[in-house]
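Residue-level structural notes
Listed here are the chains, written in short residue letters.
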Amino acid sequence: MAARVHDLPQVKAETAGADRYRMNPTPLPPSNEASFFAKQGRYETLGPFAAIGLVLLLLWSFVAWFIWVYPEALLNAKRQELASDTQTATVQTETVLHHAEDGLRTVDLWLLTRGRNAPLQDVSLAQLAETLRDGSRGLVDIMLVDRQAQVYRIPSINGQPYASIAGQELFELMTRPSTEGVTIGVPFRLREGLPMVLPIAMRLSAPAEGLQIALALIDLDRLGQMHQLFAHGQDGAVALLRGDGLALSRVPALPNFVGRDVFANAKPGRREAFNGPEGWFVTDGLASDGVRRIGAFRALEGYGAKLLISEAEGASLTEYFQQRRVVLLFSSLVSAAALALTWMLARLLKRARVEKALQIAASDASPLGLFRCDAQGQVIYSNQTYLNLQTLQAEEKAWGWLQVVSPEKREAAKAKWQELIAKAEPFRTVGRITRRDGVSRLLSVRTAPLRVDGRFLGQVGTVEDITELAEQQRAVRALSDILDLTPEYVAQFDRQGHMVYLNPAARQRLGVAKDADLGSLDLRRFLNAETLHDFRQEVLHSTQESAQWQGRRTLIDGQGQTMVCECTVLRHRGSSSSGSADASASLSVILRDISSELQHQRERQRSEALLAAIAHTSEALISVVDLDERLLFVNQAYLRRFQIEAEAWTGRPLREFLGEQEYARRQPALLRALAGESLGLELDYGERGETTVFDLQYAPLRTAGAAVEGAICIARDISSAKREEQRLRDASMSCPLTGLLNRAGFADHVQTSLQQARQSGLPVALLYLDLDKFKPVNDQFGHPVGDALLRAVALRLRNVLRPQDLVARLGGDEFAVFLPTIHQAEDAAVVAHKIVHAIGLPFMIDTLELHIGISVGFCVRAGSEAELEAMVEVADAKLYEAKRAGRSCARGSLPEA
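Small disclaimer: the values here were computed from a predicted structure and weren't measured.

Regarding its fold elements, the chain presents 21 helices and 34 strands. Residue burial in the chain is summarised as follows: out of 897 residues, 41% are buried. Within the chain, contacts between residues separated by at least 24 positions form 55% of all contacts whose residues are at least 6 apart in sequence.

Before going further, it helps to spend a moment on helix α15 (residues 660-674). Maximal helix bending in α15 amounts to about 50 degrees, located at Arg666; proline Pro668 follows within four positions. Listed in full, the buried residues belonging to α15 are Glu662, Tyr663, Arg666, Ala669, Leu670, Ala673 and Leu674. Positive backbone phi, approximately 110 degrees, marks Gly676, located one or two places after α15.

All right, on to the sheet that holds strand β14 (residues 379-382) then. In space, the 5 strands of this open sheet follow the order β14-β13-β17-β16-β15, with antiparallel pairing throughout. Only two strands of the sheet have a single neighbouring strand rather than two, namely β14 and β15 (427-434). Sheet twist, expressed as the mean angle between neighbouring strand axes with direction ignored, is 25 degrees. Relative to strand β16 (residues 440-452), β15 is paired through 8 bridges, and the arrangement is antiparallel. Paired with Thr434 across the strands is Ser440, a residue of β16. Along the sheet face, helix α7 (residues 410-422) touches β13 (368-374), β15 and β17 (455-465) and points at about 80 degrees away from the line of β13.

This next bit is on the confidence of the model for the chain. Confidence in the prediction of the chain, expressed as mean pLDDT, is 81, and 89% of residues score 70 or more. Scored below 50 in pLDDT, residues 1-34 makes 103 contacts in the model with residues more than four places away or belonging to other chains.

Now for the side chain of Arg507. Inspection of the secondary structure assignment puts Arg507 in helix α9 (residues 504-510). Residues within four places of Arg507 in sequence aside, it is in contact with Leu502, Val512, Ala513, Lys514, Asp515, Ala516 and Leu518.

Okay, the nonpolar core next. If you look at the biggest cluster of nonpolar residues, it comprises 51 residues, and the most contacted ones within it are Val140, Leu144, Leu198, Ile200, Ile218 and Leu240. Among the elements that make up this core, the one with the highest residue count is helix α1 (residues 32-113) (13 residues). Here Ile218 is in contact with Val96, Leu97, Ala100, Leu139, Val140, Met196, Val197, Leu198, Ile200 and Leu223, once residues within four sequence places are set aside. If you look at the next biggest cluster of nonpolar residues, it comprises 37 residues, including Leu767, Val777, Ile822 and Ile845.

Two elements in contact, helix α19 (residues 783-800) and helix α20 (residues 826-840), have axes whose closest approach is 10 Å; the angle formed by their N-to-C orientations is 140 degrees. With respect to each other, α19 and α20 are oriented oblique. Along this stretch, α19 crosses α20, giving a crossing that reads as right-handed. Of the residues in α20, those in contact with Val793, Arg796, Leu797 and Val800 of α19 are Lys834, Ile835, Ala838 and Ile839. Grouping the constituent residues of the contact of α19 with α20 by class yields 6 nonpolar, no polar and 2 charged.

For α20, with 15 residues, the first-to-last C-alpha span of 21 Å sits near the 21 Å given by 1.5 Å per residue. Packed against the buried residues of α20 are β28 (764-772), α19, β30 (814-819), β31 (843-845), β33 (853-861) and β34 (890-893).

Note: strands within a sheet are paired through backbone hydrogen bonds, in either parallel or antiparallel orientation. The sheet built from 5 strands is open, its strands ordered β9-β8-β12-β11-β10 with antiparallel pairing. If you trace the sheet from one side to the other, it starts and ends with β9 (247-251) and β10 (278-283), each paired once. Shown here is a sheet whose adjacent strand axes are inclined to one another by a mean of 20 degrees, direction ignored. Note: strand β8 (residues 237-241) against strand β12 (residues 305-312), 5 bridges, orientation antiparallel. In the sheet register, Leu241 faces β12, and the bridge partner there is Lys306. Helix-sheet contacts for helix α4 (residues 220-228) involve β8, β9 and β12, and the interaxial angle to β9 is about 55 degrees.

Bringing the layout of surface pockets into the picture now. Which parts of space are left empty comes out when a probe the size of a water molecule is rolled across the atoms. Volume-wise, the largest pocket comes out at about 630 Å³. What lines the largest pocket is a set of 28 residues, among which Val262, Arg270, Thr283, Asp284 and Ala287 lie closest to the centre. A per-element tally of the lining of the largest pocket places β8 first, with 4 residues. Of the residues in the lining of the largest pocket, the class split is 15 nonpolar, 5 polar and 8 charged.

In this section: the pairing of strand β18 (residues 489-494). Within β18, 6 of the 6 residues are buried, leaving the element largely enclosed by the surrounding structure. Burial along β18 is two-sided: Tyr489, Ala491 and Phe493 and Val490, Gln492 and Asp494, pointing in opposite directions, are all buried. The pairing of β18 with strand β19 (residues 499-502) spans 3 bridges and is classified as antiparallel. Among the inter-strand pairings, Phe493 is bridged to a residue of β19, identified as Met499.

On to a positive patch on the surface. On the surface, a cluster of positive charge is made up of Arg347, Lys350, Arg351 and Arg353. Note that Arg351 resides in helix α5 (residues 318-365).

Criteria and cut-off values
- Residues numbered from 1 in each chain as written.
- Predicted model: local features only at pLDDT ≥ 70, side-chain atom pairs only at ≥ 80, totals over all residues.
- Heavy atoms only, no water.
- Helix = DSSP H or I, 4+ residues; strand = E, 2+ residues; numbered from the N terminus.
- Buried < 20%, exposed > 50% of the residue type's maximum accessible area, 1.4 Å probe, protein only.
- Contact = heavy atoms within 4.5 Å.
- Bend = angle between axes of the 7 residues up to and from the residue.
- Pairing = 2+ DSSP bridges.
- Axes fitted to C-alpha atoms, helices over the stretch in contact; angles between N-to-C directions.
- pLDDT = per-residue confidence, 0-100.
- Core = buried A, V, L, I, M, F, W, Y, C linked by side-chain atoms within 4.5 Å.
- Parallel < 35°, antiparallel > 145°, perpendicular 65-115°, else oblique.
- Left-handed = near helix turned anticlockwise from the far one by under 90°.
- Nonpolar A, V, L, I, M, F, W, Y, C, P; charged D, E, K, R; others polar.
- Expected span 1.5 Å × (residues − 1).
- 1 Å grid on protein atoms, 1.4 Å probe; cavity = no way out; pocket = protein on both sides within 12 Å on 5 of 7 lines; lining within 4 Å.
- Points joined across faces, edges and corners; volume = space filled by probe spheres on them.
- Patch = residues over 30% accessible without salt bridge, like charges linked within 9 Å, V, L, I, M, F, W, Y side chains within 5 Å.
- Areas by Shrake-Rupley, 256 points an atom, 1.4 Å probe, with all protein chains shown as cover.
- Salt bridge = Lys/Arg side-chain N within 4 Å of Asp/Glu carboxyl O.
- Lys, Arg positive; Asp, Glu negative; His and termini not counted.
- Charge placed at Lys NZ, Arg CZ, Asp CG, Glu CD.

Below is the structure:
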């Protein structure tokens, strides 16, 4: 904050008779130079970033190609390689099969033409077989099979079979009439200890001496060695499948793989995918070794078999994955370096743009218009600011300034101007002009003569718009008045920390007289040693970078008391030459005392902490929701009850927390609370076989302005109180001696049963009972025996009656029974006689055998018209009738038919 600025000296015209000019629009349009530098700045800014962005685009385009396109190219190359290997392996395998087939057909032809008598001992056939074996280098052996599946080597000198293939799948196939031509069977061992062989059989054209089948056996180990050449890598494999999907061989070998239908558990359509003559495949490996594979297959022409060569899917890309990691790492490092370079370049360019913008802004905002005129006063050069100040076009610069002079004064103004120029002396004039658009501006014109070699060529001058300077003078006076009247504390310090200005409010608070000299005051007067050190380290350092700082500091007032203030510190970059008080100012400080606010805040926080502590220590479940029914607060009891974390549910909908069913039970009360009403409700919950009852009190959450901002729910577990209430209610409605209902409980339960009976319409019955001969027992044996007898009577009554029937002791030896549902009126008489009979039996009370009786009066009414008072009156009358009839009997009233 600058020191109080003194009024600027009034600017007056220094040349008598000068006319008032009309100049300078506001705001100024940008000059051509500003536009040029703005475009150049944009190009300079965007160029490096565009280059870096292009490099990154090309780099990551290559990375994208390398990640998504190149692997497919590698896989295609691998497929082509596998297809080529498959073709070569197929040719070699077909050669072996052709050799075996040729051997079969050769033996068949020999037997057809020459071998009908003892072919197994024929020397020429033996030589032929040996030739065929040697031709395959021992890979293929030729044998003959008879009808009993006995296998004979050629020659068979003793005529004994070499082995048997009974039970082999191939023999079963060859015995079928539909089997024709050459058939490939499932590999087997001809004898124990011999290698596995792949059998190929053909039915003989002319069976001789029981021989029906020519059998070629291919050594699977030798065939596997041939296939091993095409199983590249650790997970490479070559398999031979028969046309029906049965595995004939595999390299490397797998347990139980040969003879298995590899398509048995495959997805639908998998078998058909291998129907073509050749192709590629991808398998999950579930039918083999569990390794996901890619491969190629090719059909063995004429044999219905397929040769498959595969590799682990990742094997062909192992080197690629390593390359990809290197490419990604390199690209990431390059991108990080490019981003870091971009960030640093952005900062440098931003700083350069700021500096260039400052230069351009200073040039564009300069109030000086430059011009040169010749000896006759005609302007022959001007800058853009000169033209802008007077709203002139470039072609108007010569005498355009006269356009802002009223027409009747133009000739006099021009003559005066030429007179001043002709004097060849410096001059200065100030005048107010009015722009063409009617805006008034105050201009100052200064000139100096231009001489070359002593020759006067004209005048060079400047035009300055001092309208803002005049306005600023008034604004400074207004600002000084504001600072004098503001309740906030404003101070200024010079570069040495000495105070140069203090407004009246600050003087009063700090105990500084209005006319006191401020030169002896510095920061140490208002800050203690620790605070002063922090002020210098943090505040001064911060203002050096950003020119301002805001925060809180504790100061010392005039009475030595501390006060907490919100501080705004401004650092002034330059000094003024106007002679005002801020010429030597370095820092301006604005303070606002917030001690009272902090005290109120601490009291509010203490109140909030107290309320939170009360809420969290309360056993009641307390929750608060906002107007959108989102949880704002739950206390510790709430968290323990539902075993949740507050952070997990704060801000989430209450409906989501409670669930739809529970939310529907509470919603009416919640909505009324959000509408500004307070109300309560009770809810029952069944938990672990017990009923828990909660009393919920809902109330609106109001702000200080009484506006509803949400709702508060306080839930208390009142299960114990309810159980105690029920216990007291049950005690008030039962006989403590017998455990039966008393008169009040009986009447209450009967009324409930009558309401149900009115809906069903079934008959109901009321029985009044009075013990006979009870008083003598009581008088003779005492009240303990009488009480025990009453308990025994109550037990017998309960045993005689149904669980749903009501039985009560009305007092003394009087009892009552209510039958809520009976199928017919006569059932009441049956029950009455059962009671008379049951009570008439002897009672054993300790060692006493007691004999009493009971008289019964009953009343039966239809459920739709039954009334308790009327039925009591009738049943009581019938009871006295039974007494008069000799006791220990029953009398009743049945409804009229």
